[in-house]
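Descriptive analysis of the structure
Here are the chains, one letter per residue:
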Amino acid sequence: MSGVGDLPALSETQWEIMNVFWDRQECAVGDVWKLLNEKRGISRNTVHTQVVRLEDKGWLKHREGEYGFLYSPTVSREDSQRSSVQRLIETVFEGSPEGLVLTLLNGGTLSKAEADRIRQLITAAQRTKK
């Protein structure tokens, strides 16, 4: 898998499509369309156009399968998420991870269980850095 840092940012629809590929590892445009169409209704042409764009941008690669092209991701979901969050921190929060966390905490979007898990992760990260 290639590095995500050189790839252009994903749109909301492209994230949705990439999540299907990350879940399945490899599939055809028709498979992606069926899943997304069940969720929210989307045209097959839209999915096809986005898949072609994702390949052109370097997010996907393809191989010929028995019934057509099969596409797979060129970067991992984790690397993509990490890179996107870093871009968000740099652009929206002027480089401050604290600003992102404060927004999450003050926005009331974190459940108690999520907050507890984050505390555990911070504690573990502090231990490993010592």
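A brief structural summary. (Residues numbered from 1 in each chain as written. Predicted model: local features only at pLDDT ≥ 70, side-chain atom pairs only at ≥ 80, totals over all residues. Heavy atoms only, no water.)

**Observations regarding the pairing of strand β1 (residues 60-65)**
Alignment of β1 against strand β2 (residues 68-73), held across 6 bridges, turns out to be antiparallel. Across the sheet, Glu64 pairs through a bridge with Phe69, a residue of β2. Linkage of β1 to β2, two consecutive antiparallel strands, is achieved through a turn of 2 residues. (Pairing = 2+ DSSP bridges. Helix = DSSP H or I, 4+ residues; strand = E, 2+ residues; numbered from the N terminus.)

**Side note on the pattern of salt bridges**
Using the criterion set out here, one finds 6 salt bridges in the structure. Here Asp116 and Lys112 are joined by a salt bridge, their closest N and O atoms 3.0 Å apart. Note that Asp116 and Lys112 are positioned in helix α6 (residues 112-129) at a spacing of 4 residues, about one turn of the helix. Arg119 is paired through a salt bridge with Asp116; the nearest N and O atoms lie 2.6 Å apart. A residue pair is termed a helical-turn pair when its members lie 3 or 4 positions apart in one helix, as Arg119 and Asp116 do in helix α6 at 3 residues. One salt-bridge network, in which partners are shared between bridges, spans Lys112, Asp116 and Arg119. (Salt bridge = Lys/Arg side-chain N within 4 Å of Asp/Glu carboxyl O.)

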